[in-house]
Structure formats: structure tokens, C-alpha cells
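Spelled out from the first residue to the last, the chains are:
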Amino acid sequence: TGLFLPRGSLIRVGEWYTVAKAEDGTIAANKGLRLSNIDLGRGIAEVSAERRFMGCVADPSIFTEQGGPSIYAQMRSGALQLGHNLVFSRADNERIAGWSRVRSMLKAALEDDYEAPHLLVFDTCSDWIRTVPTLSRDETYTDDVDTDQEDHAADETRYAAMAGNKTARVTSMFG
């Protein structure tokens, strides 16, 4: 018959995680590739060439203009060089409510609670699987995570979870 998921559920089927690796393929945890914002935009365009996304959200800080184009404007410029229209909205950056929502979505999926939105993660999301389950709580604000950890994939998930029904939708998954 098919799988039914409640409205607002998130399904992570893939990721592009720009983490540095040693020559032997070992991951240099929490060390990025140091891409320029334009190159980051180009990279997003390349990995999503056959997909059209709508309702994407990003960290609100990328929209700030401080004496020049914002990170977002630079990323859009890089994506446009490859003919990709990169459109992000400011994410809700409420940390405590966001982590609460992520935990609730994971619990609903684990318990097969079809009255609440689920968060499902495919095994193709290896960096999410490597980093998110091991996050520890902040010692001062125990409802938050310790931000000194590799929390990039977790933050992205939190932004998407807080977007509710405005989460990204893929209109053509396999071209």
C-alpha cells in the first residue's frame, strides 16, 4: 500500500557535507573544506542539478550584509553561474524549541506515533549519522547542545524542523 507519514515529517535522503578528509579518507572532524561562498553556491548547484527544491531555509546569519554582499548573495551568485536559482529563507533560529521539536520527531518515528511528525534519516546521510547521535548537552543550558561540537548537520535539521510545513520539498527526485 505505501508508507504514510504525518504532515510536517522530514525525510533525509542525502547530504552534501563539506568536511575535510586526509589522504586515506579519514574525516577531519569539524574541519571544513574552506570553500569560498561563491564556490559553496556552485557546489550546491552541482549536487542538486537534477532537483528542484522549494521552501529551503538557512541560518539567519548568512543574510547579514556587513560592508559588502551577504554570504547568501555570494552563494546565490555562485549557483547562478551554473544556472541554478538558489532560494533560501531565514530559518527560525530558536534553539531550545528547535531541539525539542527534533527530539519529538525522532521519538514519534521510533514509537510509530502517526499522530506526530516524524524525522527519518536514510543511511546515505553518513555525516548526519556520524555527528548528530553523539552530540552532548550544553553544561549550562541543558536543553541546548554544546556548540563547540560538530553540530552543523544537527543545526540544519533543527532549522528544517522549525520550518514545519514550510520544509524543503523535492519536486523531481530522480530526474
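This one's a predicted model, so the numbers in the text were calculated from it and none came from an experiment. (Residues numbered from 1 in each chain as written. Predicted model: local features only at pLDDT ≥ 70, side-chain atom pairs only at ≥ 80, totals over all residues. Heavy atoms only, no water.)

Re the pattern of salt bridges
Now for step 1: In total, this model carries eight salt bridges according to the counting rule given.
Now for step 2: Arg 130 serves as the salt-bridge partner of Asp 127, at 3.1 Å between the closest nitrogen and oxygen. Here Arg 130 and Asp 127 lie together in helix 4 (residues 126-131), a separation of three residues that amounts to about one turn.
Now for step 3: Judged by its relative accessible area of 9%, Asp 127 is buried.
Now for step 4: With a closest N to O distance of 2.9 Å, Glu 150 and Arg 130 form a salt bridge. Of this pair, Glu 150 sits in the loop between helix 4 and helix 5 (152-162) while Arg 130 sits in helix 4, placing them 20 residues apart in sequence. (Salt bridge = Lys/Arg side-chain N within 4 Å of Asp/Glu carboxyl O. Helix = DSSP H or I, 4+ residues; strand = E, 2+ residues; numbered from the N terminus. Buried < 20%, exposed > 50% of the residue type's maximum accessible area, 1.4 Å probe, protein only.)

Examining a nonpolar patch on the surface
Now for step 1: On the surface, a nonpolar cluster with roughly 340 Å² of combined accessible area is contributed by Trp 16, Leu 33, Leu 35 and Val 47.
Now for step 2: In this fold, Leu 33 is placed in the loop between strand 3 (27-32) and helix 1 (37-47). (Patch = residues over 30% accessible without salt bridge, like charges linked within 9 Å, V, L, I, M, F, W, Y side chains within 5 Å. Areas by Shrake-Rupley, 256 points an atom, 1.4 Å probe, with all protein chains shown as cover.)

Comments concerning the environment of Ser 89
Now for step 1: Note that Ser 89 resides in strand 6 (residues 89-90).
Now for step 2: In this structure the C-alpha to C-alpha distance between Ser 89 and Phe 63, which are 26 residues apart in sequence, comes to 8.9 Å.
Now for step 3: Residues within four places of Ser 89 in sequence aside, it is in contact with Cys 56, Val 57, Ala 58 and Phe 63. (Contact = heavy atoms within 4.5 Å.)

Some thoughts on the pairing of strand 3
Now for step 1: Pairing analysis gives two bridges linking strand 2 (residues 19-21) to strand 3, with the strands arranged antiparallel. Bridging across to strand 3, Val 19 finds its partner in Gly 32.
Now for step 2: Counted along the chain from strand 2 to the antiparallel partner strand 3, the turn is five residues long, and its residue Gly 25 has a positive phi close to 90 degrees. (Pairing = 2+ DSSP bridges.)

Digging into the side chain of Thr 157
Now for step 1: Within the secondary structure, Thr 157 sits in helix 5.
Now for step 2: With a relative accessible area of 3%, Thr 157 lands in the buried category.
Now for step 3: Contact partners of Thr 157, with chain neighbours within four places excluded, come to Leu 10, Arg 12, Val 102, Leu 119 and Trp 128.

Quick word on the packing of helix 3 (residues 95-110) against helix 5
Now for step 1: For the pair helix 3 and helix 5, interaxial distance at closest approach is 9 Å and the crossing angle is 85 degrees. Classified by the angle their axes make, helix 3 and helix 5 are roughly perpendicular. Note on element contacts: helix 5 touches helix 3 through Ala 154, Asp 155, Thr 157, Arg 158, Ala 161 and Met 162, opposite Arg 95, Ala 97, Gly 98, Trp 99, Arg 101, Val 102 and Met 105.
Now for step 2: For the contact of helix 3 with helix 5, a count of residues per class yields seven nonpolar, two polar and four charged. (Axes fitted to C-alpha atoms, helices over the stretch in contact; angles between N-to-C directions. Parallel < 35°, antiparallel > 145°, perpendicular 65-115°, else oblique. Nonpolar A, V, L, I, M, F, W, Y, C, P; charged D, E, K, R; others polar.)

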